[in-house]
Amino acid sequence: MQDLIATSLKYQQGTLSVLDQHQLPDKEVWLACHSVKSMVDMIKKLQIRGAPLIGIGASLLLGYLAEQGVDENGLREAAATLRAARPTAVNLMNNMDSMLSVLNTQGVGALPKEAERLFHEDIALCDAMASRGAQLIKPNSHILTHCNTGSLATAGVGTAIGVIRAAHDQGKNIHVYVDETRPLLQGGRLTTWEMGKFNIPHTLICDNMAALLMRDGKVDYVLVGADRIAANGDFANKVGTYALAVIAHYHKIPFYVVAPYTTVDPECPEGSMIPIEERDAAEVRGVSGSFGAVRWSPEDTPVFNPAFDVTPAFLVTGWILDNAVYSQDEIHKGVLKRG
Ligand SMILES: CSC[C@H]1O[C@H](OP(=O)(O)O)[C@H](O)[C@@H]1O
């Protein structure tokens, strides 16, 4: 494979590395990743995360293993194991299916090129979403976003954050309210890091402050990413997204989901059928990151920790995809359905 360099994933001079997102924002630590076990561990621990990026990471690993001489059966086993690393983000399954399709039709030797294609495709998809989405953003707007959807979640500029970056770069003088996004603080740790990196004016808030800002007319748009979009337009995204959609709907604030076609699952008829990952209870009883770890609840406190929730299509103003911005009417006509 050629050298492939992204903000949080790179293949360079024969080494595949992951930027350990546990260590951000304080430390930029790159971890070599040359086995299925290490990639699966990193995906499960969210050292590499984000729906598009985990699919790209798994694809680059398969391309690497093919170049290292792993045989067809070994690669099929690897793809199956990687595919199961996390259940909600359909990009992981879509990417593994693309790699397996190439393996079936062109053989082991074609996998590195397919991995390269998926990497470059994701960058282009991000640019397309950013360009389409930025056209919707009026100057001097305040945008609220949830979790992290930028260059730490994709191989490119990102999905929702890609739109934000494009609007900023176009001189639209936007400001971003960043939901810290409990329990794992992707917003407070990672989106703040990206906003600072690109000098985008922003304000960090706790998730429970979003409703107050929307009530007081301080938010002009809510932009979020997605981990899986069902054929009817319902979508799964980081837990807390549904609450934002309800509050935005109540206050008549435009609510957009931004995602590439690789996040659409036309085989999934509706949101209730999207598998939702349940994560470890310790993530809610306290918090951990580059600063260390702290627990504030009793060790045996019962916990509910879904990593995602599902937002129904009727709460969505528009779907900003790479090939178009779809309205509710278009979604109702089945534009996301296969065929
Ligand atoms: C480019 S959007 C990615 C999507 O993935 C995130 O989840 P996680 O941090 O658990 O990988 C979040 O739902 C984002 O919206």
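Numbering of residues starts from 1 in each chain and follows the order in which that chain's sequence is written. For a predicted model such as this one, the threshold for reporting local features is a pLDDT of at least 70, and the threshold for listing and counting side-chain atom pairs is 80 or more; totals across whole chains, interfaces and linings nevertheless cover every residue. Only hydrogens and water are set aside; all other atoms, that is, all heavy atoms of the structure, feed into the side-chain values.

Engineer: Would you explain the packing of helix α1 (residues 36–44) against helix α3 (residues 72–83) in this entry?
Structural biologist: Packed helices, taken two at a time, are described by the angle their axes make and the gap between the axes. As a rule, the C-alpha atoms of each element are fitted with a line to give its axis, helices using only the stretch in contact, and angles between N-to-C directions run from 0 to 180 degrees. Each helix corresponds to a stretch of at least 4 residues labelled H or I by DSSP, and each strand to a stretch of at least 2 residues labelled E; elements are numbered beginning at the N terminus. Where α1 contacts α3, the axes come no closer than 10 Å and their chain directions differ by 10 degrees. Between α1 and α3, the crossing angle belongs to the class labelled roughly parallel. Residue-level inspection shows Val36, Met39 and Val40 of α1 in contact with α3, the latter providing Ala78, Thr81 and Leu82. Every angle not falling under 35 degrees, over 145, or within 65 to 115 is termed oblique; those three ranges are roughly parallel, roughly antiparallel and roughly perpendicular. Here a residue-residue contact requires only that any non-hydrogen atoms of the pair lie within 4.5 Å.

Engineer: Whenever I open this one, the nonpolar core confuses me. Can you help?
Structural biologist: The nonpolar side chains of soluble globular proteins are, as a tendency, buried together. Counting 43 residues, the largest nonpolar core has Leu9, Met39, Ile48, Leu60, Leu61, Leu62 and Leu82 as the members making the most contacts within it. Put simply, the parts of the chain that give this core at least two residues each are β2 (9–12), β3 (15–19), α1, α2 (51–67), α3, α4 (90–106) and α5 (111–134). Counting residues per element, this core draws most heavily on α2, which supplies eleven residues. If we ignore the near neighbours within four places in the chain, the residues touching Leu61 are Leu16, Cys33, His34, Ser35, Val36, Met39 and Leu82. Core analysis: the next-biggest nonpolar cluster, separate from the first, contains 29 residues, Leu213, Leu244, Phe255 and Ile331 among them. We call a set of buried Ala, Val, Leu, Ile, Met, Phe, Trp, Tyr and Cys residues a nonpolar core when their side-chain atoms join them within 4.5 Å. Buried means the residue's accessible area, taken with a 1.4 Å probe over protein chains only, is under 20% of the maximum for its type, while exposed means over 50%, and partly exposed covers the values in between.

Engineer: Can you help me understand the domain arrangement of the protein in this one?
Structural biologist: In many analyses, interface size is given as the accessible surface area lost on bringing the parts together. Note that domain bounds follow an automatic or database assignment of domains. Split by domain assignment, the protein resolves into domain 1 (4–125) and domain 2 (136–332). A separation of 24 Å is found between the C-alpha centroids of domain 1 and domain 2. At the interface, 33 residues of domain 1 touch 35 residues of domain 2. A simple way to read buried area is as the amount of 1.4 Å-probe accessible surface that goes missing from two parts once joined, with both sides added. Together domain 1 and domain 2 conceal approximately 2,800 Å² of surface at their shared face, both sides included; 53% is due to carbon and sulfur atoms.

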